[in-house]
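Residues per chain, in single letters:
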Amino acid sequence: PMRSLTSEEYVEAFKIFLEHSTEHQCMEAFNEQAMPHIMAGLGNGKSTLNVLGVGSGTGEQDLKMIRILQAEHPGVFINTEIIEPNPQHVAAYKELVNQAPDLQKVSFVWHQLTSSEYEQQVTEKSTQKKFDFIHMIQMLYRVEDIPNTIKFFHSCLDHHGKLLIIILSESSGWATLWKKYSHCLPLTDSGHYVTSSDIEDILKRIGVEYQVYEFPSDWDITECFIEGDPVGGHMIDFLTGTKNFLGTAPVDLKQRLQEALCQPECSSRKDGRIILNNNLSMIVVE
């Protein structure tokens, strides 16, 4: 029988995805080109800045952003809070912080919770802390009520604060796969198929100012088409949110998915490799 990935299996599949995609290089380009300017406008001269990471994973991206913040606001103290439900990710993040010598003026508090559990906690205590910078990187796919989640975290912003949402672009192959070829995907995927255009619609409805930055990214999925390839197996599991998809899915569903992935609006061929369009949108909400 087909089943969803456990959190441990997801971590493993995600690692393979990162090794074969330019996801982190794409974030790197955004950090270099746009982040300093975004960070420079935060806080309005405050001596302490409050940062909240929502679904921060293992923390690599968080720490890069904190270092940019440090560079743009030298001498400022940074209070960082992290919401991350996966215990393995929290442990890895803490280890990274322990090994970093340049974070003396940064404090860290981890909440091992989902974003909705955190929201519930804040609502029950009715003490809402305000943040100068909140980021939600590639995590809205796992949220039940996306509009209210965005509304809630937007309400946690202080004056001159900014909310950064990083999500798959409407121009990505994922968007085509989800919207045009959803019949090729298994029902075991517990995620929501949300892209930048869905988020923009929500932000327009809420009536907030925002800016979108598009950055190209790709994912080499060639191994997904090689019979019995273990890397390809992990990649397809990540893509479908399903454990051992190739071993448990009906033959016709496997064929449909592989055909869909080869469609020119999903992927391109380069030097005999099949490259899925993994473009990202970075949405900065005022």
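Here, the structure is the one placed above.
Since we're looking at a predicted model, the values are computed, not measured. Here the residue numbering is sequential within each chain, running from 1 through the sequence in written order. Where totals are concerned, whole chains, interfaces and linings use all residues; where local detail is concerned, this predicted model gives features only for residues with pLDDT of at least 70, and gives and counts side-chain atom pairs only at 80 or more. Think of the side-chain values as coming from all heavy atoms in the structure, minus any hydrogens and water.

> Got a minute to help me understand the pattern of salt bridges in this structure?
Pairs can form between side chains of opposite charge once their charged atoms are near each other. Here a salt bridge means any side-chain nitrogen of Lys or Arg lying within 4 Å of a carboxyl oxygen belonging to Asp or Glu. All chains considered together, the criterion is met by 12 salt bridges. Across the pair D198 and K179 runs a salt bridge, and its minimum N-O distance is 3.3 Å. With a gap of 19 residues between them, D198 in helix α9 (residues 196-206) and K179 in helix α8 (residues 173-180) connect regions that are remote in the sequence. The shortest N-O distance in the salt bridge between R273 and E223 comes to 3.1 Å. With R273 in strand β9 (residues 273-277) and E223 in the loop between β7 (218-220) and α10 (230-240), the pair connects residues that are 50 residues apart, well separated along the chain. With a 1.4 Å probe rolled over the protein chains alone, any residue whose accessible area is under 20% of its type maximum counts as buried; one over 50% counts as exposed, and the rest are partly exposed. Overall, R273 belongs to the partly exposed group, its relative accessible area being 30%. Take E223: its relative accessible area is 14%, and that puts it in the buried class. Among the charged side chains, a salt-bridge network with shared partners connects K46, D132 and D158. What counts as a helix is a DSSP run of H or I of at least four residues, what counts as a strand is a run of E of at least two, and both are numbered from the N terminus.

> Could you clarify how one ought to interpret the sheet that holds strand β1 (residues 48-54) in this entry?
To summarise the sheet geometry, strands pair through backbone hydrogen bonds and adopt either a parallel or an antiparallel arrangement. Taken together, seven strands build an open sheet; the order of strands is β3-β2-β1-β4-β5-β10-β6 and the sheet is mixed. The open sheet has two edge strands with one neighbour each: β3 (106-111) and β6 (210-215). Within the sheet, the average angular offset between the axes of one strand and its neighbour, ignoring direction, is 15°. Strands in contact with helix α5 (residues 87-98) are β2 (77-83) and β3; relative to β3, the strand with the most contacts, it is inclined by about 170°. The sheet contacts of helix α6 (residues 115-125) involve β1, β2, β3 and β4 (131-137), and relative to β2 the element is tilted by about 115°. Strands are treated as partners if at least two bridges between them are detected by DSSP. Helix axes use the C-alpha atoms of the stretch in contact, all axes being lines fitted to C-alpha atoms, and the angles between their N-to-C directions lie in the range 0 to 180 degrees. Working rule for contacts: check all heavy atoms of both residues, and any pair within 4.5 Å makes them a contact.

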